[in-house]
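# Architecture and fold: a report
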Amino acid sequence: KINLVRATINEAQLIHQMQIKAFTELLNRYQDMDTNPGNEPIEKVLWRLKQDSTYFYLIEAENQYVGAIRIIDNKDDTPKRISPLFVLPEYQNKGIAQQAIIEAEKIHGNTNWELDTILQEKGNCYLYEKMGYHTTGKTEKINDKLTLVFYVK
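To keep things clear, this report deals only with the structure shown in the data block.

### Some thoughts on the packing of aromatic side chains
Counted by the stated rule, this structure contains three aromatic pairs. Where Phe23 meets Phe86, the ring centres are 5.7 Å apart and the plane angle is 65 degrees; that geometry is what we call edge-to-face. Here the residue Phe23 occupies a position in helix α1 (residues 12–30), and Phe86 occupies one in strand β4 (residues 80–87), the gap between them amounting to 63 residues. The pair Phe23 / Phe86 is uniform in exposure class, with both members buried. Summarising the aromatic geometry, the rings of Tyr128 and Tyr133 are spaced 6.0 Å apart at their centres and angled 70 degrees between planes, so their arrangement reads as edge-to-face. Each member of the pair, Tyr128 as well as Tyr133, carries the same accessibility label: buried. Put simply, the rings of Tyr128, Tyr133 and Tyr151 pair up and form one aromatic cluster. Above the ring of Phe150, the side-chain terminus of Lys138 is found at 4.2 Å from the ring centroid.

### Focus: helix α2 (residues 42–50)
Since the α-helix advances by 3.6 residues per turn, residues separated by three or four positions end up pointing in the same direction. Here α2 has its buried residues at Val45, Arg48 and Leu49. An end-on view of α2 places all buried positions within 100 degrees of arc, on one side of the element. Structural note: α2 exposes Glu43 and Lys50 on the side pointing more than 90 degrees away from its buried face. Its buried side turned inward, α2 meets α1, β2 (54–61), β3 (64–72) and β4.

### Description of the layout of surface pockets
Empty space within the largest pocket amounts to approximately 1,200 Å³. Secondary structure elements with two or more residues in the lining of the largest pocket: α1, α2, β4, α3 (96–108), β5 (113–118) and α4 (122–130). Per-element accounting of the lining of the largest pocket gives the leading share, seven residues, to β4. Partitioned by chemical class, the residues of the lining of the largest pocket number 22 nonpolar, eleven polar and twelve charged.

### Things to note about the packing of α1 against α2
At a minimum axis separation of 9 Å, α1 and α2 run at an interaxial angle of 125 degrees. Our classification of the angle between α1 and α2 gives oblique. Between α1 and α2 lies a crossing of right-handed hand. Along its contact with α1, which presents Ala12, Gln13, Ile15, His16 and Gln19, the element α2 presents Ile42, Val45, Leu46, Arg48 and Leu49. The residue inventory of the contact of α1 with α2, partitioned by class, reads six nonpolar, three polar and one charged.

### Some words on the environment of Leu27
Mapping Leu27 onto the fold places it in helix α1. Owing to a relative accessible area of 10%, Leu27 belongs among the buried residues under this scheme. Linking Leu27 and Asn39, residues twelve residues apart in sequence, is a C-alpha distance of 7.5 Å. Among all residues touching Leu27, those that are not within four sequence positions of it are Asp32, Met33, Asn36, Gly38 and Asn39.

Criteria and thresholds
- Residues numbered from 1 in each chain as written.
- Predicted model: local features only at pLDDT ≥ 70, side-chain atom pairs only at ≥ 80, totals over all residues.
- Heavy atoms only, no water.
- Phe/Tyr/Trp six-rings, centres within 6.5 Å; stacked < 30°, edge-to-face > 60°.
- Helix = DSSP H or I, 4+ residues; strand = E, 2+ residues; numbered from the N terminus.
- Buried < 20%, exposed > 50% of the residue type's maximum accessible area, 1.4 Å probe, protein only.
- Lys NZ or Arg CZ within 6 Å of the ring centre and 35° of its normal.
- Arc of directions from axis to C-beta.
- Contact = heavy atoms within 4.5 Å.
- 1 Å grid on protein atoms, 1.4 Å probe; cavity = no way out; pocket = protein on both sides within 12 Å on 5 of 7 lines; lining within 4 Å.
- Points joined across faces, edges and corners; volume = space filled by probe spheres on them.
- Nonpolar A, V, L, I, M, F, W, Y, C, P; charged D, E, K, R; others polar.
- Axes fitted to C-alpha atoms, helices over the stretch in contact; angles between N-to-C directions.
- Parallel < 35°, antiparallel > 145°, perpendicular 65-115°, else oblique.
- Left-handed = near helix turned anticlockwise from the far one by under 90°.

Everything listed here is a matter of geometry and, on its own, says nothing about what the molecule does.
Right, dumping it as structure tokens:
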């Protein structure tokens, strides 16, 4: 069982540290220096936390923070967006990301969503498809190693 705890500006450093830890392996694999959250400065996390439409949640499991999910929700007819969602490496493959999506949808509604993920990461694609997301047919090549694939629900 997980809980989503709404993050404030005070958790920016924690989110940034967890984000680096969670995305370093992907950054090393794909060398996507301009798009990988693991290569972002803390100022980018602070900027996101200050946005009116951003709902950043720390994912709490086993009485500690194990990741985070950011929801962009304009509270209108535009699609809500997950960007990013991450779980620390030692907690991955335990269903935590799936539970985080379920909890986020309880808060923000379970329709009219969009997201993108790494096409080459079959586990990510499987997760989102299992959660009811469908590919749009749109992809974006970031470099020779990495292509983003876009999903909607």
